[in-house]
Amino acid sequence: EPVQARGMDIFGTLQSFQAVKDPETGTHYLFDGTRSEGVHTFKANRMPENAFIILSALLGMTGFEVESRNNFFYDPSAVSAHVNAGKVYDYYKKVHGRDSLDGEGMKLVSTVHIGSKWNNAAWNGKQMLYGDGDGTRMISLSGGLDVIGHEMTHGVITNTADINYENESGAINESIADILGAFAENKTGEDLWLLGEDIWTPTTPGDGLRSMSDPGSVYIGGYTESGYYPDHYSKRYIGELDKGGVHINSSINNKAAHLITDGGTHYGVSVTGIGKTKAEKIFYRALTHYLTASSDFSQMRQAAIQAARDLHPDRNGQPSAEVNAVMAAYDAVGVQ
Ligand SMILES: Cc1cc(C(=O)NCC(F)(F)F)no1
Ligand SMILES: [Zn+2]
């Protein structure tokens with residue numbers, strides 16, 4: 001039966017959450033039944049990540065129940081994944097009226113300790129998977145609420161536009177995951193626009209995997225000649241790496257989202273921001289009403305404009321401030 005359980009998250013903060021008690025063994029499992037069909041969190045036995053990602057997608061393998069003693073959980077990565085999945089569920093329910101990733105309350109399954117010191121996280125089409133990080137570049141990725149928001153948004157994308165994960169479409173897929181993942185984390189200031197700042201280089205503050213507000217400031221050695229994330233369509237990466245630059249070129253659309261939200265002048269184009277509450281609804285509506293599997297940057301622009309027009313109609317034949325902000329932002333990053 002459902003019980004209130006407790007455990008430390010990866011930052012040493014005591015968390016209280018729903019678990020379930022197995023009547024036979026008296027053992028508690030990380031299952032939260034308060035959110036539709038539930039939030040169930042497992043642990044892998046450090047199986048190589050590629051094997052686990054495939055086997056869990058094909059066979060529905062989820063790993064093992066997480067140990068607990070006297071209703072206390074001693075796996076911080078699992079506690080963080082469990083609590084943060086609940087927070088992102090709540091974001092989609094309260095802000096967008098969406099019941100889980102499929103809109104019909106599907107169970108949220110996460111597995112932690114994937115691979116060995118794996119500096120990454122993934123959505124494999126069915127569930128979320130989190131690495132522990134190598135301890136220097138990254139720590140347990142389930143501790144990053146924007147990372148969990150990113151992976152769960154891939155789940156929303158799968159159940160809506162199901163955008164192809166390569167080339168321009170893949171960059172739009174990645175960018176929507178970053179944008180709604182950041183808005184789910186709902187931080188303020190620069191931290192809103194950094195991805196994974198809580199789990200990236202524990203000894204260096206103020207950095208992250210990517211910057212949505214200033215993409216060109218982050219070096220991504222090993223990917224491209226220039227090595228920097230592009231902040232304009234003319235600088236997009238064209239090549240084979242990263243499935244055609246899905247994590248690289250996402251920064252162009254991320255910058256557009258930053259300008260729409262906070263405003264700013266970029267390559268001489270000025271944008272008046274409209275704030276997070278309006279921006280998140282525009283991107284969610286673009287995803288759920290207009291984007292398709294083959295959407296490219298130009299179609300992302302059109303989808304965002306149409307979504308903004310739906311939510312903020314023209315008056316006397318004039319576009320609203322919100323529509324103007326979307327148009328100007330895409331002008332600023334060179335997307336027509
Ligand atoms: C390679 C590679 C993977 C990623 C990435 O975005 N991973 C998902 C995240 F949630 F961990 F960020 N960026 O470059
Ligand atoms: Zn992603």
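Placed above this text is the structure.
Since the model is a prediction, treat every value here as computed from it, not as a measurement.

Visitor: What exactly am I supposed to notice about unusual backbone geometry here?
Guide: Across residues other than glycine, the phi torsion is negative in most instances, and most of the peptide bonds are trans. With a phi angle near 55°, N186 is a residue other than glycine that sits in the positive phi range. Position of N186 among the secondary structure elements: in the loop between α4 (167-185) and α5 (190-193). By relative accessible area, N186 is classed as partly exposed at 46%.

Visitor: I'm lost on the environment of D331 in this one. Help?
Guide: When you line up the elements, D331 lands in helix α10 (residues 321-332). The sequence separation of D331 and H266 amounts to 65 residues, and the corresponding C-alpha distance is 9.3 Å. Those residues within four positions of D331 in sequence are excluded, and the remaining contacts are V269, R301 and Q336.

Visitor: What exactly am I supposed to notice about the sheet that holds strand β1 (residues 2-8) here?
Guide: Two strands in a sheet stick together by hydrogen bonds in their backbones, pointing the same way (parallel) or opposite ways (antiparallel). Within the open sheet, the five strands sit side by side as β3-β2-β1-β8-β7. Their pairing is mixed. What marks the edges here is a single partner per strand, and that holds for β3 (28-29) and β7 (68-69). With two bridges joining them, strand β2 (residues 14-21) and β3 adopt antiparallel strand pairing. Counterpart to K21 in the pairing with β3 is H28. Its contacts with the sheet put helix α2 (residues 76-96) on β1, β2 and β8 (72-73), and the angle it makes with β2 is roughly 85°.

Visitor: What is the right way to read the pairing of strand β11 (residues 128-131) from this model?
Guide: When a strand is regular, its side chains alternate between the sheet's two faces. Both faces of β11 are covered, namely the face carrying M128 and Y130 and the face carrying L129 and G131. Bridge analysis of strand β9 (residues 108-114) against β11 gives three bridges, and the strand direction is parallel. Among the inter-strand pairings, I114 is bridged to a residue of β11, identified as G131. In terms of strand pairing, strand β10 (residues 121-123) meets β11 through three bridges, oriented antiparallel. Bridging across to β11, W123 finds its partner in M128. Hairpin remark: β10 followed by β11, antiparallel, with four residues in the connecting loop; positive phi at G125, about 95°.

Visitor: Hey, could you run me through the packing of helix α7 (residues 250-262) against α10 in this one?
Guide: For any two helices packed against each other, the geometry comes down to the angle between their axes and how far apart the axes lie. One can describe the packing of α7 onto α10 by two numbers: an axis separation of 9 Å at closest approach and a directional angle of 140°. It follows from the interaxial angle that α7 and α10 lie oblique. As α7 runs across α10, the sense of the crossing is right-handed. Facing N253, A256, L259 and I260 of α7, the residues of α10 in contact are A325, V326, A329, Y330 and A332. Residue classes in the contact of α7 with α10 are distributed as eight nonpolar, one polar and no charged.

Visitor: Is there a simple way to explain the packing of helix α8 (residues 276-290) against helix α9 (residues 297-311) in this structure?
Guide: Where α8 contacts α9, the axes come no closer than 8 Å and their chain directions differ by 110°. Here α9 runs roughly perpendicular to α8, going by the angle between their axes. Crossing hand, α8 versus α9: right-handed. Facing α8, whose interface residues are K281, I282, F283, R285, A286 and Y290, α9 presents M300, A303, A304, Q306, A307, A308, D310 and L311. Among the residues forming the contact of α8 with α9, the class breakdown is ten nonpolar, one polar and three charged.

Visitor: Is there a simple way to explain the nonpolar core in this structure?
Guide: Judged by nonpolar contacts, the single largest core of 79 residues is most densely connected at Y130, I176, L287, L291, M300 and Y330. In terms of residue count, α2 provides more of this core than any other element does, nine residues in total. Setting aside residues no more than four positions away along its own chain, I176 makes contact with T153, I157, G181, F283, L287, L291 and M300. Counting seven residues, the second largest nonpolar core, distinct from the first, contains A44, F52, A122 and L129.

Conventions we followed
- Residues numbered from 1 in each chain as written.
- Chains lettered and ligands numbered in written order.
- Predicted model: local features only at pLDDT ≥ 70, side-chain atom pairs only at ≥ 80, totals over all residues.
- Heavy atoms only, no water.
- Helix = DSSP H or I, 4+ residues; strand = E, 2+ residues; numbered from the N terminus.
- Buried < 20%, exposed > 50% of the residue type's maximum accessible area, 1.4 Å probe, protein only.
- Contact = heavy atoms within 4.5 Å.
- Pairing = 2+ DSSP bridges.
- Axes fitted to C-alpha atoms, helices over the stretch in contact; angles between N-to-C directions.
- Parallel < 35°, antiparallel > 145°, perpendicular 65-115°, else oblique.
- Left-handed = near helix turned anticlockwise from the far one by under 90°.
- Nonpolar A, V, L, I, M, F, W, Y, C, P; charged D, E, K, R; others polar.
- Core = buried A, V, L, I, M, F, W, Y, C linked by side-chain atoms within 4.5 Å.

Nothing here speaks to function; it is all geometry.
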